[in-house]
Protein chains: 2
Amino acid sequence: MRMEDTICALSTAPGMGAIAVIRLSGKETYPVINRIFRGYSKRHQLEGSKEYQSVLGSIYDEDQLVDEVMLTLFKGPQSYTGEDVIEIACHGSTYIQERILRLLNKEGIRLADPGEYTLRAFINGKMDLSQAEAVADLISSENQASHQIALQHLRGGISKEIRELRAELIDFVSLIELELDFSEEDVEFADRSKFLELLHRIQAVLNSLISSYDTGNAIKSGVPVAIVGAPNAGKSTLLNTLLKDDKAIVTEIAGTTRDAIEDEIQINGISYRFIDTAGIRETDDMVESIGIRRTYEKVEQSDLVLFLFAADRLQEPSGWQALKEEYQSIKEKAQDRKFLFLINKQEMLPTLRTEEEQYLNSLKPLFLSAKAKEGIQELQDKIGSFYRWGDLAASQNIITNVRHLDALKKSLDQVQVVMDNLEAGISGDLLSIDIRTALSELGSIIGEVDVDKDILGNIFGKFCIGK
Amino acid sequence: MRMEDTICALSTAPGMGAIAVIRLSGKETYPVINRIFRGYSKRHQLEGSKEYQSVLGSIYDEDQLVDEVMLTLFKGPQSYTGEDVIEIACHGSTYIQERILRLLNKEGIRLADPGEYTLRAFINGKMDLSQAEAVADLISSENQASHQIALQHLRGGISKEIRELRAELIDFVSLIELELDFSEEDVEFADRSKFLELLHRIQAVLNSLISSYDTGNAIKSGVPVAIVGAPNAGKSTLLNTLLKDDKAIVTEIAGTTRDAIEDEIQINGISYRFIDTAGIRETDDMVESIGIRRTYEKVEQSDLVLFLFAADRLQEPSGWQALKEEYQSIKEKAQDRKFLFLINKQEMLPTLRTEEEQYLNSLKPLFLSAKAKEGIQELQDKIGSFYRWGDLAASQNIITNVRHLDALKKSLDQVQVVMDNLEAGISGDLLSIDIRTALSELGSIIGEVDVDKDILGNIFGKFCIGK
């Protein structure tokens, strides 16, 4: 991984801006800057300047002025990476960015790999692995919920929880291994019933973390939503009403181009992505069999199904038959997905007979009119109630990372093995091995055990350049 | 212009990056940051920190953590704008950028208009108007030449020259106006012959600056190049060869997306833009009359015309006739544009008779083969020789700004008026008015006279946000 190299990269977003920031890290940082930078005045010299200080001056490529810049100085280990770091704030033309990076290359500083600054921070003990992952999550956060959870992880919320579990397990395994040293005397330092108690507690924590993943993943990636229903149910109108309502809320902040994500809305800080909106927006004159197949595909990709039915169809007896069939086939396909039954065009609902009313109520419908924008707020509230991250986030840690999920599941399995073996009265040395496997899985989340190089590469390879 | 407001804006390029920088300027900068920022430790507090210092800490919206950030502090007047300035380096998610800007808005800091920081720098006397314009040029510079000239202007090259001319003119006008006070005594404080000498010198300087505009504009905007010629002359092949050759030179710097500008090449730091490449790349089966009209349009838009003729056509007598006609009509249309006559497919040139050779040489052709990539370097050298900004930039200031060109031309006209009137023996008070008009035109370039608000709005409105 060439940790000895000094590295540089553009840390701000690519493209033209008023300013751009190029970050250097490594032991050649100061010597190289010393060669190419001339401070404006006595006050603005590299030499004699303290860390966390900014100095103004010019960067030269031999005798040619490249740009007037501001440097901010950090000395290792009091820096992001733990190494010597300098940040160059230059004018934000893409030409200048490129020119400075090229000059740094010429001076022997290589371009950083994606995530390499954070990798170095991890390796130098400035943060643990789950915190490093949280940095990437924070940078890519696009809504309030994912942002808050990334911040929680960055601040070490989940790391602390896992570290505590591990500490208790390590205490136990130490006692068990101590017994092995005294095996001839047949003593038990480790209280088996207390150990079982601990294992139950660990099980509970792991289960709670694992079950937080569904919400966590929904928060991080957005909840995929399928709007399904027969032609003319009003799918397209509902979609547009939901989208328009959301866009109206978005405050326009000039200068930030938070790309308006098409076909996505935010409710209580969570993103909901609508699936196959192109299909919805097409005219509905497709052959019915294709319609059904598409509907099923959409339901399969979704986490939340909105089944829409037009109230006017209930004016005919055949409509009731159709409702029954559509509802059953979609509900069956939806399995245990979150599911909402929506009756659209509510103003066209006929007067219901008692048994009709009873049947309809048994399906727990939400009445609305997508066109008249009635019942939309209720629909949003209902959707929002499925994913209440706020309560959850306040009471426990939420995991959002599939690598963590994997490690937690493996730990849980291993804890089960330990419990089974404990009850079967297995010998201490075998027990110790099982516990150590669980410890290792837990440790991999925060990087306290040696993590495979490929895994590190995979984690940091997903970062953007310059972090 | 609401100069009393405190302003904020994203100063780095829009979009997601590892970090983003938000800049604040104005008297509420410190009070607001004091309210929303909590330093990490005793060392990282706003209070007690000096200018040019960085402090680490967190930004809170009421009790909710928004981000962990680094502030860099500047106290007016030692700042870019001359006001109190703080730069917030936050994590580069678009969500966070927006969140912080919204929080600042809530605290009463409004979003900056484009160029408003630089406008304030100008108004507070941190730079003159032509330097402010150079900031915008620097940020948008895309090649070496435009970058160097913007830097030259930013460093006050042209300002100095104009300021000196004005100072001399002001000396003279003062003397002339002094005469008016003593008008009854009929004295002449201002030596008329010396004055004429000065006016000649000013004329020379203005002429030289005005004539530098063509090169300056070519440097700033790129030279528009027309490749013209009959179907099958090899226009498309030549274009591709030139483009491919250029792209091969471009060093790939990961993380910067200097958008590969399609259909543009760089020679000696100057950009050359090819006109109507879509037309070139189309199949050439269009009706001939349309072809001719298109050719003429392209020539009209261009500054440099490359007329391409396929050597194999010269194997037939009719080819010679065609060459004569095409050459004449295009050369005529090209008028005094820069013009190169290229004979493509040189390997297919027949053996020439003496008079043929003489005729051909009289047209000063460059022989090449676009397909075999022969003669391409010579062509590039030839093109490069038309616009030698390097020599020019070393020996004099180059103007690139049409506003400056305008003011210089008006000054020149006014100087001529003064000279004519001087020779006609006009009275001192009228002379003084003419000189003051010239002074005002010159002063408008550097903003030393009151510049119209609309003009200021026009200048700074072209800036990107955050500068």
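All values reported here derive from a predicted model rather than from experimental measurement. Residue positions are given per chain, counted from 1 along the sequence in the order it is written. As a convention, the first chain written is A and the first ligand written is 1, with the rest following in written order. For this predicted model, a pLDDT threshold of at least 70 governs which residues receive local features, and a threshold of 80 or more governs which side-chain atom pairs are given and counted, while totals over whole chains, interfaces and linings are taken from all residues. Side-chain figures throughout are based on the complete set of non-hydrogen atoms in the structure, without hydrogens or water.

### Topic: the domain arrangement of chain A
All names here are of chain A.
Moving on, step 1. Domain delimitation follows an automatic or database domain assignment. Domain assignment breaks chain A into domain 1 (7–128), domain 2 (132–212 + 398–447) and domain 3 (229–389).
Moving on, step 2. For domain 1 versus domain 2, the separation of C-alpha centres amounts to 41 Å.
Moving on, step 3. Counting from both sides, the interface comprises five residues of domain 1 and, opposite them, six residues of domain 2.
Moving on, step 4. Two parts lose some accessible area (1.4 Å probe) when they are put together, and adding that loss for both gives the buried area. Together domain 1 and domain 2 conceal approximately 460 Å² of surface at their shared face, both sides included; 54% is due to carbon and sulfur atoms.
Moving on, step 5. The partner of Asp128 in a salt bridge is Arg163, with the nearest N and O atoms 2.9 Å apart.
Moving on, step 6. Three classes are used, and their members are as follows: Ala, Val, Leu, Ile, Met, Phe, Trp, Tyr, Cys and Pro are nonpolar, Asp, Glu, Lys and Arg are charged, and the others, Gly among them, are polar. Along the lines of polarity and charge, the residues of the side of domain 1 that touches domain 2 split into three nonpolar, one polar and one charged. Only heavy atoms enter the contact rule, under which two residues are in contact if any of them lie within 4.5 Å. Throughout this description, the term salt bridge denotes a Lys or Arg side-chain nitrogen within 4 Å of a carboxyl oxygen of Asp or Glu.

### Regarding the interface of chain A and chain B
Moving on, step 1. With 66 residues of chain A in contact, the opposing surface of chain B contributes 66 residues.
Moving on, step 2. Interface area, chain A with chain B, both sides summed: about 5,900 Å², of which 61% is carbon and sulfur.
Moving on, step 3. When the area that chain A buries against chain B is broken down by residue, the three leading residues are A:Ile19, A:Tyr52 and A:Tyr95, summing to 12%.
Moving on, step 4. At the surface where chain A touches chain B, the tally comes to four salt bridges.
Moving on, step 5. The salt bridge partner of A:Arg43 is B:Glu51, with a shortest N-O separation of 3.0 Å.
Moving on, step 6. Polar contact criterion, stated in full: a pair of N or O atoms within 3.5 Å, where within protein one must be able to donate a hydrogen and the other to accept it, and residues adjacent in sequence count only if both atoms are side-chain atoms. Across the chain A-chain B interface, the total number found is 18 residue pairs in polar contact (both at pLDDT 80 or more).
Moving on, step 7. Of all elements in the fold, only strand 2 (19–25), strand 4 (53–61), strand 5 (64–74), strand 6 (85–91), helix 2 (94–106), helix 4 (129–140) and helix 5 (144–154) of chain A reach the threshold of two or more residues within the side of chain A that touches chain B.
Moving on, step 8. Per-element tally for the side of chain A that touches chain B: the top contributor is helix 2 of chain A, with nine residues. Helical segments are the DSSP runs of H or I of at least four residues, strand segments are the runs of E of at least two, and each set is numbered from the N terminus.

### Regarding the packing of aromatic side chains
Moving on, step 1. What counts as a ring pair is set by centres within 6.5 Å for rings of Phe, Tyr and Trp (its six-membered ring), and what kind of pair is set by the plane angle: stacked under 30 degrees, edge-to-face over 60, tilted for all other angles. For the coordinates displayed, the defined rule picks out 18 aromatic pairs over all chains.
Moving on, step 2. Relative to B:Phe309, the ring of B:Phe307 has its centre 6.4 Å away and its plane inclined at 65 degrees; by these criteria the two rings are edge-to-face.
Moving on, step 3. By relative accessible area, B:Phe307 is classed as buried at 0%.
Moving on, step 4. Since its relative accessible area comes to 0%, B:Phe309 is described here as buried.
Moving on, step 5. Feature note: the residues A:Phe307, A:Phe309, A:Tyr327, A:Phe339 and A:Phe341 constitute an aromatic cluster, connected by ring pairs.
Moving on, step 6. Our definition puts a charge over a ring when NZ of Lys or CZ of Arg is within 6 Å of the ring centre and also within 35 degrees of the ring normal. In this arrangement the basic side chain of A:Lys331 is found over the ring face of A:Phe339, its NZ or CZ atom lying 4.8 Å from the centre. Between buried and exposed lies partly exposed: a residue is buried under 20% and exposed over 50% of the maximum accessible area for its type, with that area taken using a 1.4 Å probe on protein chains only.

### Things to note about the sheet that holds strand 12 (residues 338–344) of chain B
Whenever strands of a sheet pair, they do so through backbone hydrogen bonds, lying parallel or antiparallel.
All names here are of chain B.
Moving on, step 1. Pairing between two strands requires that DSSP report at least two bridges joining them. Strand order in the open sheet formed by six strands is 9-10-8-11-12-13, and the pairing between neighbours is mixed. Each having just a single partner strand, strand 9 (264–267) and strand 13 (365–367) make up the two edges of the open sheet. Taken pair by pair, the neighbouring strands of this sheet meet at an average axis angle of 30 degrees, ignoring direction.
Moving on, step 2. Where strand 8 (residues 223–228) meets strand 10 (residues 270–274), three bridges bridge the pair, whose relative direction is parallel. Its bridge partner lying in strand 10, Val223 is registered against Tyr272.
Moving on, step 3. The angle between two axes is taken between their N-to-C directions and runs from 0 to 180 degrees, where each axis is a line fitted to C-alpha atoms and a helix contributes only its stretch in contact. Packing of helix 11 (residues 317–334) onto the sheet brings it into contact with strand 8, strand 11 (304–310) and strand 12, and relative to strand 11 it is tilted by some 175 degrees.

### Re the environment of A:Asp5
Residue and element names in this part refer to chain A.
Moving on, step 1. Mapped onto the elements of the fold, Asp5 is located in the segment before strand 1 (7–10).
Moving on, step 2. Owing to a relative accessible area of 26%, Asp5 belongs among the partly exposed residues under this scheme.
Moving on, step 3. Between the alpha carbons of Asp5 and Arg110 there is a distance of 7.2 Å; along the sequence they are 105 residues apart.
Moving on, step 4. Among all residues touching Asp5, those that are not within four sequence positions of it are Ser25, Arg110 and Arg120.
Moving on, step 5. Reaching out from Asp5, the side chain makes a polar contact with the side chain of Arg110 at a distance of 2.5 Å.

### Thoughts on the sheet that holds strand 10 (residues 270–274) of chain A
Residue and element names in this part refer to chain A.
Moving on, step 1. Pairing is mixed across the open sheet formed by six strands, whose spatial order is 9-10-8-11-12-13. What marks the edges here is a single partner per strand, and that holds for strand 9 (264–267) and strand 13 (365–367). Averaged over all pairs of adjacent strands, the angle between their axes in this sheet comes to 30 degrees, without regard to strand direction.
Moving on, step 2. Judged from the four bridges that link them, strand 9 and strand 10 form a sheet pairing that is antiparallel. Bridge pairing in strand 10 links Gln266 to Ser271.

### Describing the pattern of salt bridges
Moving on, step 1. This structure, assessed with the given rule, holds 56 salt bridges over all chains.
Moving on, step 2. The salt bridge involving B:Arg38 is made with B:Asp63; its shortest N-O contact spans 3.6 Å. You can see B:Arg38 sitting in strand 3 (residues 37–39) and its partner B:Asp63 sitting in the loop between strand 4 (53–61) and strand 5 (64–74), a full 25 residues away along the chain.
Moving on, step 3. In this structure B:Asp63 comes out as exposed when scored by relative accessible area, which is 69%.
Moving on, step 4. Counted as one network, the salt bridges with shared partners bring together A:Asp5, A:Glu83, A:Arg110, A:Glu116 and A:Arg120.

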